[in-house]
Amino acid sequence: MERTLSIVKPDGVEKGVIGEVIKRFESNGLKVIAMKMVRMSKEQAKGFYYVHRERPFYDSLTDFMSSGPAVAMVLEGENAIANNRELMGATDYREAAEGTIRRDFATDIERNIVHGSDGPETASFEISYFFNELEICG
Ligand code: ADP
Ligand code: MG
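Residues numbered from 1 in each chain as written. Chains lettered and ligands numbered in written order. Predicted model: local features only at pLDDT ≥ 70, side-chain atom pairs only at ≥ 80, totals over all residues. Heavy atoms only, no water.

(A) Examining the overall build of the protein chain more closely. In terms of helices and strands, the protein chain carries 7 helices and 4 strands. Ordered by position in the sequence, the α and β elements of the protein chain form the string β-α-α-β-α-α-β-α-α-β-α. Structurally, the protein chain occupies a C-alpha span of about 35 × 35 × 25 Å along its principal axes. Considering the protein chain as a whole, with its 138 residues, one finds that 47% of them fall into the buried category. (Helix = DSSP H or I, 4+ residues; strand = E, 2+ residues; numbered from the N terminus. Buried < 20%, exposed > 50% of the residue type's maximum accessible area, 1.4 Å probe, protein only.)

(B) Molecular detail of the side chain of Asp-11. Tracing the backbone through its elements, the reader meets Asp-11 in helix H1 (residues 10-14). Of the side chains with opposite charge, Lys-15 lies nearest to the buried Asp-11, which makes no salt bridge, at 4.7 Å. From its side chain, Asp-11 meets the backbone nitrogen of Asn-112 in a polar contact 3.4 Å long. With near-sequence residues (within four places) excluded, Asp-11 lies in contact with Phe-64, Arg-111, Asn-112 and Ile-113. (Lys, Arg positive; Asp, Glu negative; His and termini not counted. Salt bridge = Lys/Arg side-chain N within 4 Å of Asp/Glu carboxyl O. Polar contact = N/O pair within 3.5 Å; in protein donor to acceptor, adjacent residues only side chain to side chain. Contact = heavy atoms within 4.5 Å.)

(C) A look at the packing of aromatic side chains. In the structure shown here, the tally under the stated rule is 5 aromatic pairs. Consider the rings of Phe-125 and Tyr-129, whose centres lie 5.7 Å apart with planes at 50°: the pair is tilted. With Phe-125 and Tyr-129 both in helix H7 (residues 120-130), this residue pair falls 4 residues apart, about one helical turn. On the basis of relative accessible area, Phe-125 is assigned to the partly exposed category, the value being 40%. Taken together, the aromatic side chains of Phe-48, Tyr-49, Phe-125, Tyr-129 and Phe-130 make up a single cluster linked through ring pairs. A cation over an aromatic ring shows up here: Arg-53 above the ring of Tyr-50, its NZ or CZ 4.0 Å from the ring centre. (Phe/Tyr/Trp six-rings, centres within 6.5 Å; stacked < 30°, edge-to-face > 60°. Lys NZ or Arg CZ within 6 Å of the ring centre and 35° of its normal.)

(D) Seen up close, the pattern of salt bridges. The tally for this structure, following the rule as stated, stands at 9 salt bridges. A salt bridge links Arg-24 to Glu-20, with the shortest nitrogen-to-oxygen separation between them at 3.0 Å. Taken together, the residues Arg-24 and Glu-20, both in helix H2 (residues 18-26) and 4 residues apart, mark about one turn of the helix. Residue classification places Arg-24 among the buried residues on the basis of a relative accessible area of 16%. Since its relative accessible area comes to 31%, Glu-20 is described here as partly exposed.

(E) Spotlight on the environment of Ala-106. With respect to the helices, strands and loops of the structure, Ala-106 is situated in the loop between helix H6 (101-105) and strand E4 (114-116). As for Ala-106 and Leu-30, which are separated by 76 residues in sequence, their C-alpha atoms are 21 Å apart. Excluding residues within four positions of it along the chain, Ala-106 makes contact with Lys-15, Tyr-93, Ile-101, Arg-111, Asn-112 and Ile-113.

(F) Quick look at the nonpolar core. If you look at the biggest cluster of nonpolar residues, it comprises 20 residues, and the most contacted ones within it are Leu-5, Ile-7, Met-65, Val-74, Phe-130, Phe-131 and Ile-136. Secondary structure elements with two or more residues in this core: strand E1 (2-8), strand E2 (31-38), helix H3 (42-48), helix H4 (58-65), strand E3 (70-77) and H7. With 4 residues, H4 is the largest single contributor of residues to this core. Leave out the neighbours within four places in its chain, and Ile-136 touches Arg-3, Ile-33, Ala-34, Val-74, Ile-127 and Phe-131. (Core = buried A, V, L, I, M, F, W, Y, C linked by side-chain atoms within 4.5 Å.)

(G) Structural detail: the side chain of Glu-76. Structurally, Glu-76 is set in strand E3. Residue classification places Glu-76 among the buried residues on the basis of a relative accessible area of 17%. A distance of 3.1 Å separates the side chain of Glu-76 from the side chain of Arg-3, its partner in a polar contact. Setting aside residues up to four positions removed in sequence, Glu-76 forms contacts with Met-1, Glu-2, Arg-3, Gly-29, Leu-30, Lys-31, Ile-33 and Gly-138.

What follows is the structure, encoded as structure tokens:
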């Protein structure tokens, strides 16, 4: 069993696809074991995406991530990290495979509906960014 962090980003909340995204997780072996709606500050978004601080899109990305409510979740399942990444699809929705969340709902490389951890260490950092152990019902 593995855990990963998922976020339905502010564009996903705005588009009303929270339920659709969760449905895809639940029908594909990922169990929601923690969940909360969060309105990140610019500083919180910058801390979350600290690894991307040198990227040209860092400022715009953190503006976007702090622009409205998002839904953070801990998902648990076999190969949860890779499984979630597969359900999400490529970062750029134009390159994402048919039937993936980003291909189906994203219309912009930055506003791409969901976030998912990309490895065990980032998953552990990102889960603890939003949840303490008492809030995780695994
Ligand atoms: P992923 O979310 O697929 O793991 P990255 O970690 O590379 O992708 O990037 C983090 C987020 O930054 C992306 O989900 C997207 O919102 C944004 N992003 C990535 N690349 C670009 C880009 N070239 N232009 C604008 N935003 C980008
Ligand atoms: Mg990433």
